[in-house]
Amino acid sequence: MSVSGMKKQLHKASQLLNERLMGAQGTKMDEDFLRMEKNVAVIQTLLLELLSKTTEFLQPNPAYRAKLSMLNTMSRIRGQGRTTVYPQTEGILGDCMLQYGQELGATSEFGGALAGVGDALQQVAQAKDALDVNVKRSFVDPLQELHNTELKEIRFQLKKLNGRRLDFDYKRRRKGKVPLDEVRQAWDKFMSSKELAERRMFILLQNDADRLSHLAAMVSALLDFHRSAQRILQGLHGNLQARLTAASNRPRRRPRTRKIRVRSEHNGSIGFYHQPSATSAASSVTGEPLAVRPPRPDTATSCYDTDPADSKLVLDQPCCRAMYPFHPNQEGELSFNEGDIIVLSSQVDANWYEGSLSGRSGLFPISYVDVLVPLPLP
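As the structure is a prediction and not an experimental result, all values here were calculated from the model.

Colleague: Sorry, what's going on with the packing of helix α4 (residues 89-104) against helix α5 (residues 109-148) here?
Modeller: The axes of two packed helices give the description: the angle between them and the distance between them. Orientation of α4 relative to α5, taken along the N-to-C sense of each, is 155°, at an axis distance of 7 Å. It follows that α4 is roughly antiparallel to α5 by the angle criterion. Crossing of α4 over α5 shows left-handed handedness. Contacts between α4 and α5 involve Glu90, Gly91, Leu93, Gly94, Asp95, Met97, Leu98, Tyr100, Gly101 and Leu104 on the former and, on the latter, Phe110, Gly111, Leu114, Ala115, Val117, Gly118, Asp119, Leu121, Gln122, Val124, Ala125 and Lys128.

Colleague: Where do I start with the sheet that holds strand β7 (residues 352-357) in this structure?
Modeller: By way of backbone hydrogen bonds, the strands of a sheet pair with one another, either parallel or antiparallel. Spatially, β8-β7-β6-β5-β9 is the arrangement adopted by the five strands of the open sheet, whose pairing is antiparallel. The two strands at the open ends of the sheet, each matched to only one other strand, are β8 (360-365) and β9 (369-373). Ignoring strand direction, the axes of neighbouring strands in this sheet form an average angle of 40°.

Colleague: What should I look at first to understand the pattern of salt bridges in this one?
Modeller: Two side chains bearing opposite charge may form a pair once their charged atoms approach each other closely. Counting across every chain of the model gives 13 salt bridges. One salt bridge in this structure joins Arg172 and Asp169, with 3.3 Å as the shortest N-O distance. Here Asp169 and Arg172 lie together in helix α6 (residues 150-173), a separation of three residues that amounts to about one turn. According to the relative accessible area criterion, Arg172 is partly exposed, its value standing at 38%. With a relative accessible area of 2%, Asp169 lands in the buried category. One salt bridge in this structure joins Glu198 and Lys194, with 3.6 Å as the shortest N-O distance. Remark: Lys194 and Glu198 occur in helix α7 (residues 180-206); sequence separation between them is four residues, near one turn of the helix. For Lys194, a relative accessible area of 11% translates into the label buried. Counted as one network, the salt bridges with shared partners bring together Asp30, Lys194 and Glu198.

About the thresholds
Residues numbered from 1 in each chain as written. Predicted model: local features only at pLDDT ≥ 70, side-chain atom pairs only at ≥ 80, totals over all residues. Heavy atoms only, no water. Axes fitted to C-alpha atoms, helices over the stretch in contact; angles between N-to-C directions. Helix = DSSP H or I, 4+ residues; strand = E, 2+ residues; numbered from the N terminus. Parallel < 35°, antiparallel > 145°, perpendicular 65-115°, else oblique. Left-handed = near helix turned anticlockwise from the far one by under 90°. Contact = heavy atoms within 4.5 Å. Pairing = 2+ DSSP bridges. Salt bridge = Lys/Arg side-chain N within 4 Å of Asp/Glu carboxyl O. Buried < 20%, exposed > 50% of the residue type's maximum accessible area, 1.4 Å probe, protein only.

Function cannot be read off these values alone, since they describe shape.
Given below as C-alpha cells:
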C-alpha cells in the first residue's frame, strides 16, 4: 500500500472514531436509499436462512447431511464425478420390508404384501430423489447464484461507498487544512459510488418476477412428487385390499390335536390317543386313565383341518364376525351370537356400525366384532 493510501485509511479511521465516540455527524443518505439498503439487507438474511431451511426440508438428518458433504467434497478433490445421494427414509423402510417379505416367501400372504409395500416405498424414495434434484436445480441453485453474484457486488459497492463517505466527511471537517480541490474530488467519488450502489439495489429489488419464478418452480416440483407418491400409494392400497379380500375368503384352517403313540400298561399293545385338550387334561387330574385308541388307516397326516362353516362362506361384501354375543337394550339395535357373520351397511360413528343378519337390520357396537371385509373408503 502506498503512503497516500495509508494516509487515506488513517483519515477514514479517524472519522469513524469521531462518529462513534465523539458524536460527530456524517453525511446522511436520503430516505429512498436507506429504504433500499434495508430491503437488500433483509433479502441477504432471507436467502441465507431460506437456503439452509430448504436443505433441511429435503434432507432432515443433519448427520447424513454432514457425511454427504464430506464424501462429495472428497470426490471433488480426487477428481471423481460420482455424487452420493441422500438415503431417503422411505427407501430405508422399503429395503427392510422387502428383505423380510422375501424371507417369508411367496407362499405367505403377509410376506407378499410386505414385499409389495417395500417395493412401493422404494418407488416413493426414488420420487423424492427426483424432488431433491428438481428443487436444487430450479430453486436452490438460482438463489445461491443470486447471493454469490448480485448481492456480493452490492455488498462491495456499499462498503466502498461507506469508505468514500468517511473520506469525504474527514476532509470536509478539516476544510481549512485540506485543499478545496481534494474536498470536491472526495465529494465526486462519494456521489459516484452512491449512484452505482443505488442503481444495483434498484435492479435487484425490481426483479421480483425472477424470484417468483424460482418459488413457483419449487412448488411445481413438490406437486409432482406428491402426485407420484399418491399414484404409487393408491396402487399399493388397491393391491392390499385385493390381498385382504382373498385372505378373508380363504377357508380357515384350525389346528387339530396330534396323536401320540403309547403302550398299554396291561397287555403291552400299542395304540394312539389324541393329545389332551383342556377337558381331557382336567379328567387326567381326577385320576381317570387315558383312553387308548387303535390306529385308523384313514387318519390324515396334517395337523390342520378346515372349518366346514368357513369353507362355505364367500366374503364378497363388507362384513364382520361377532366376537361376543350382543343383546340390545334399545330399539333399533341388532342382536347376534358369537361367531355370527354380519353384513356391514355403514359406520355410524367411532363406536357403532349398522348392519344386517338373517333379514334383521340394526346398530351394534364396533368393539363386539372383528371386521373381515372393511367398508369402502368414503
